[in-house]
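Each chain, written out:
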Amino acid sequence: MTSARTYIDLHVLHTVPPANLNRDDNGDPKEAFFGGVRRSRVSSQAWKRATRAFFAERNPDGDRATRTKKIAEQLTRRLAERASLDAETAARIATSALQPLNIKPGKKAGETAYLLFFGHAQLDAVIDLFLADVAELCELGDEDLAARLKDLPVQETLNQGHPLDVGLFGRMVADIPALNVDAATQVAHALSTHAVELEMDYYTAVDDEGDSTGAGMIGTVGFNSATLYRYATVGLHQLETNLADPAAARDGIRLFTEAFARSMPTGKENSFAHHTHPTLVAVVIRRDQPVNLVSAFESPVASTSGIAATSARRLAEEHSRSVAQWGDSPLFTGVCHTLDPDSPEAGMVGKAFGDNRTFAELLDAMQAHLPTVQEVA
């Protein structure tokens, strides 16, 4: 049993200094045309990758996932460690153990044709299917080994005990639909709330051991600076289905909210050190449908008193207008922001989303307002 349909909408305003977070095919920051002007854009894939990296730093190995073409190599390494086998023997057994999946091979030896997304613990569960018989399997020839392992329930095993990463972001395997997992999370492309122009940095590097009057290297790099509106939504009901554990789903939503708010894509970070906290994080728990408030910025912000503050006012106005016009009744709204508490913008944000909280208080309040299975049973 899972909770009734419940969505957790996350709205983030994030000001980033000169940076190149997410590059296009020319090496310049990605852009998009919206509201009649050119905007800075950071793809949803880039921020999901940054969010997953945040998970990896805070989850034990058994709860982590990996996305790779090298599932056979990963299984081989874990089998060799657990069964104290040499690499060649472990690889032979691992390859035979994976044959029930009928995965299309890639162009490179030992790789699949596409990336597979799975948990480390799920690989260990596959090994558990035959670990007790490893000594006997080592003595078999290739044909006998393949025949012995051809009926292993590998597919069923990889569909159980999904880690948070897979539960949130889902998994698609085009030629093995039974391995697909519907994503519980949707992440929008981040857009600047205002018009942006691409700028170029011309740089030189001096050869420390060469002629000090000349440059050892000359180049250019594109960059921009922007206040970004970022949006994501999580379906609690879908995450409960994917994880098969309501308590883990609620903990997962808290971790995702923290990771989404605090993470930052690493593109050109050594050149720009673009690490900043968001100006505003708002959480809205809803039963009706997810609502992206990007329409607040369809008319680009142009302000001499602060792009971030004006963007916060616009966001608050759009939320209040949307709730009133469509008759929405959110289960919970909460906000954490760094606006001047005496400013008109802070007052409007408070009217729309509630009193300002610390980020930890916002996470606590959000988790306390997530409906439980018992409440909706």
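Residues numbered from 1 in each chain as written. Predicted model: local features only at pLDDT ≥ 70, side-chain atom pairs only at ≥ 80, totals over all residues. Heavy atoms only, no water.

### Section: the overall build of the protein
Each helix and strand counted, the protein has 15 helices and 11 strands in total. Seen through its principal axes, the protein has C-alpha atoms that stretch 75 × 75 × 35 Å. Within the protein, the fraction of its 377 residues that count as buried is 48%. By sequence separation, contacts in the protein at least 24 residues apart represent 75% of the contacts at least 6 residues apart. Taken as two groups, the 36 positive and 50 negative side-chain charges of the protein have centres that lie 5 Å from each other. (Helix = DSSP H or I, 4+ residues; strand = E, 2+ residues; numbered from the N terminus. Buried < 20%, exposed > 50% of the residue type's maximum accessible area, 1.4 Å probe, protein only. Contact = heavy atoms within 4.5 Å. Lys, Arg positive; Asp, Glu negative; His and termini not counted. Charge placed at Lys NZ, Arg CZ, Asp CG, Glu CD.)

### Observations regarding the packing of aromatic side chains
Counting across every chain of the model gives 5 aromatic pairs. With a centroid separation of 5.9 Å and 45 degrees between ring planes, the pair formed by Phe223 and Phe272 is classed as tilted. Of this pair, Phe223 sits in strand E9 (residues 217-235) while Phe272 sits in helix H11 (residues 269-272); the two residues are 49 residues apart in sequence, bridging distant segments of the chain. For Phe272, a relative accessible area of 17% corresponds to the buried category. Ring geometry for Phe256 and Phe260: centres 5.7 Å apart, planes at 15 degrees, overall stacked. Here the residue Phe256 and the residue Phe260 both occupy positions in helix H10 (residues 246-262), the gap between them amounting to 4 residues, near one helical turn. Here Phe256 and Phe260 have matching classes, each one buried. In this structure an aromatic cluster arises from ring pairing among Phe55, Phe169, Phe256 and Phe260. The ring of Phe260 has Arg230 sitting right over it, with the charged end atom 4.3 Å from the ring centre. (Phe/Tyr/Trp six-rings, centres within 6.5 Å; stacked < 30°, edge-to-face > 60°. Lys NZ or Arg CZ within 6 Å of the ring centre and 35° of its normal.)

### Considering empty space enclosed by the protein
Sizing a probe to match a water molecule and rolling it over the atoms shows the empty space that remains. Within this structure, the stated rule accounts for 3 cavities of 30 Å³ or more. Quantified by volume, the largest cavity comes out at close to 80 Å³. Considering the residues around the largest cavity, the lining is formed by 15 residues, among which Ala19, Leu21, Ser40, Val42 and Asn224 are closest to the centre. Contributions of two or more residues to the lining of the largest cavity are made by strand E1 (7-19), strand E3 (37-42) and E9. In terms of residue count, the dominant contributor to the lining of the largest cavity is E9 (4 residues). The residue makeup of the lining of the largest cavity, split by class, is 8 nonpolar, 5 polar and 2 charged. Taken as a whole, the second largest cavity encloses approximately 50 Å³ of empty space. Lining the second largest cavity are Ile71, Leu101, Leu116, Phe117, Phe118, Leu158, Arg171, Val173 and Leu179. Sorting elements by how many residues they give to the lining of the second largest cavity places strand E5 (residues 116-119) first, with 3 residues. (1 Å grid on protein atoms, 1.4 Å probe; cavity = no way out; pocket = protein on both sides within 12 Å on 5 of 7 lines; lining within 4 Å. Points joined across faces, edges and corners; volume = space filled by probe spheres on them. Nonpolar A, V, L, I, M, F, W, Y, C, P; charged D, E, K, R; others polar.)

### Here's the deal with the side chain of His337
On the secondary structure map, His337 appears in strand E11 (residues 332-337). Among the residues examined, His337 registers a relative accessible area of 10% and is labelled buried. Polar contacts involving the side chain of His337 include one to the main-chain amide nitrogen of Leu339, which spans 3.1 Å. (Polar contact = N/O pair within 3.5 Å; in protein donor to acceptor, adjacent residues only side chain to side chain.)

### With respect to the packing of helix H1 (residues 44-58) against H10
Remark: H1 packs on H10, axes separated minimally by 9 Å, with the N-to-C direction vectors making an angle of 120 degrees. Between H1 and H10, the crossing angle belongs to the class labelled oblique. Classified by chirality, the crossing of H10 by H1 is right-handed. Residues Trp47, Thr51, Phe54 and Phe55 of H1 lie in contact with H10, whose contacting residues are Leu255, Phe256, Glu258, Ala259, Phe260 and Arg262. Of the residues in the contact of H1 with H10, the class split is 7 nonpolar, 1 polar and 2 charged. (Axes fitted to C-alpha atoms, helices over the stretch in contact; angles between N-to-C directions. Parallel < 35°, antiparallel > 145°, perpendicular 65-115°, else oblique. Left-handed = near helix turned anticlockwise from the far one by under 90°.)

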